[in-house]
Amino acid sequence: MFPKINLKFLTLTALLANSVVADKAKIYRNCLKPGQFVLTFDDGPNPETTPIALDVLKKYNIKGTFFINAHNWSDLENDPSAVETVKKTYAAGHDIGSHTYNHKDLFEAIEEGSMKENVDDMTDKIEEIIGVKPAYFRPPCGNGAYVERDPHKKEMSEMIQEYLGERGYNIIMWGTDTMDWQYKEDVDNVIATLNEQLANPNVSPKTHSFITLMHDVYPSTVNIVLPTVIEYVQSLGYNFVPLSECIGVSPYQSTSNDEGNQNNLNNGEINNNSNENFKNNSTIISNNANNNSSTISINKEVENTSNAITLHSSIILSIAIAILSLLF
């Protein structure tokens, strides 16, 4: 006969089950290899300006990453031109990532209980439009991905990173900023802002790489800032690469249609709309917060997603049940 299982046993087992969580989302601020430079764009789509950005990128043969909202500068629920802009961006070979549904600061989303709407509903909306689920996420204002000293913000950041990790996301931050939203047509100040990192005497394409931040929703950015930044960065000797090549992680998650393939978070294969695949490098390089430190090599970590989490949970629970059954 099996021993009688009492309430205390069931409670302890439930607590153990709840303690098993997914790996936190990885945070990327720079590339695998020095000399690489990535263009990323936030807050779109804007049917008036995003197509201009696409034309500029095509002229320079550069693939960018667009972190989009459902409600911000356009309305993906009710504006067919906004939906078509996203489809056009994806069809041109650029990556589509999530920037939340309503451009919501995730600290606020936690406090008001809107994480599902801003994260999960946006994931569904992107998949509905382009047919694949995004694996790149950029939190508005960067909140949730900084190193926080305030205990409450630190706790919320942990929650955000776990929430996104459970949903197969990688957090994409930036190592240099253009401040295009503030300076608009003032290109000199844009370049000066970039140079806070790029012009540092300890920084060069031989030792550093960068992910930069712009906004495709402003006419000044797509018409003036974007081509100026491209030519300036090229003059410094950096090579523009897609974000997928920069970090070695696919922009999209595997779906039920390709169950036979390994999850993109496990093998780092790249599917950038053109079915180009390459194996993930065995090194991840990260800069410090000021992007002035030397790059640090880290052994490749195999990222376990939902299947591995389930297996891990089962093993832990099996051991726990066996031990607790002896105690009770």
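Up top you'll find the structure we're talking about.
Computed from a prediction, not measured in an experiment: that's the story for all the values here.

Caption draft 1: Quick peek at the overall build of the chain. Looking only at helices and strands, one finds 12 helices and 13 strands in the chain. Counting every position in the chain, which comprises 328 residues, the buried fraction comes to 49%. Contacts spanning at least 24 positions in sequence make up 78% of the contacts within the chain whose residues lie at least 6 apart. Accessible area for the chain stands at about 16100 Å²; split by element, carbon and sulfur atoms hold 51% of it.

Caption draft 2: Quick peek at the state of the cysteines. Inspection of the entire model under this criterion finds 1 disulfide. In this model, Cys 31 is linked to Cys 246 through a disulfide, with the two sulfur atoms separated by 2.2 Å. Taking the sign of the torsion about the S-S bond as the criterion, the disulfide between Cys 31 and Cys 246, at about -95 degrees, is left-handed. Of this pair, Cys 31 sits in the loop between strand E1 (27–28) and strand E2 (36–44) while Cys 246 sits in helix H10 (residues 243–247), and the two are 215 residues apart along the sequence. Take Cys 31 and Cys 246: they sit in the same class, and that class is buried.

Caption draft 3: Looking closely at the packing of helix H2 (residues 50–59) against helix H9 (residues 219–235). Where H2 contacts H9, the two axes come as close as 10 Å, and the packing angle between them is 25 degrees. Regarding the angle of H2 to H9, the classification is roughly parallel. Here the hand of the crossing between H2 and H9 comes out right-handed. Of the residues in H9, those in contact with Ile 52, Ala 53, Val 56 and Leu 57 of H2 are Val 222, Asn 223, Leu 226, Pro 227 and Ile 230. The class makeup of the residues in the contact of H2 with H9 is 8 nonpolar, 1 polar and no charged.

Caption draft 4: How the structure looks around helix H3 (residues 80–91). With 12 residues, H3 extends 16 Å between its outermost C-alpha atoms, agreeing within 8% with the 16 Å of an ideal straight helix rising 1.5 Å per residue. Of all the positions in H3, only Ala 82, Val 83, Thr 85, Val 86 and Thr 89 are classed as buried. With its buried residues spanning 155 degrees around the axis, H3 presents them on a single face. Pointing more than 90 degrees away from the buried face of H3 are the exposed residues Pro 80 and Ala 91. Looking at the buried residues of H3, the elements they touch are H2, strand E3 (65–68), strand E4 (95–98) and helix H5 (115–130). Of the residues trailing H3, Gly 93 is marked for its positive phi of about 95 degrees.

Caption draft 5: Representation of the pairing of E3. The alternating pattern of E3 places Thr 65 and Phe 67 on one face and Phe 66 and Ile 68 on the opposite face, and all of these are buried. One ladder, built from 4 bridges, connects E2 with E3; its direction is parallel. In the strand pairing of E3, Gly 44 is matched with Ile 68. Handedness of the β-α-β unit built from E2, H2 and E3 comes out right-handed. Taken together, E3, H3 and E4 constitute a β-α-β crossover, and its handedness is right-handed.

The rules behind the values
- Residues numbered from 1 in each chain as written.
- Predicted model: local features only at pLDDT ≥ 70, side-chain atom pairs only at ≥ 80, totals over all residues.
- Heavy atoms only, no water.
- Helix = DSSP H or I, 4+ residues; strand = E, 2+ residues; numbered from the N terminus.
- Buried < 20%, exposed > 50% of the residue type's maximum accessible area, 1.4 Å probe, protein only.
- Contact = heavy atoms within 4.5 Å.
- Areas by Shrake-Rupley, 256 points an atom, 1.4 Å probe, with all protein chains shown as cover.
- Disulfide = S-S within 2.5 Å.
- Axes fitted to C-alpha atoms, helices over the stretch in contact; angles between N-to-C directions.
- Parallel < 35°, antiparallel > 145°, perpendicular 65-115°, else oblique.
- Left-handed = near helix turned anticlockwise from the far one by under 90°.
- Nonpolar A, V, L, I, M, F, W, Y, C, P; charged D, E, K, R; others polar.
- Expected span 1.5 Å × (residues − 1).
- Arc of directions from axis to C-beta.
- Pairing = 2+ DSSP bridges.
- Right-handed = clockwise from strand over helix to strand, strands pointing away.

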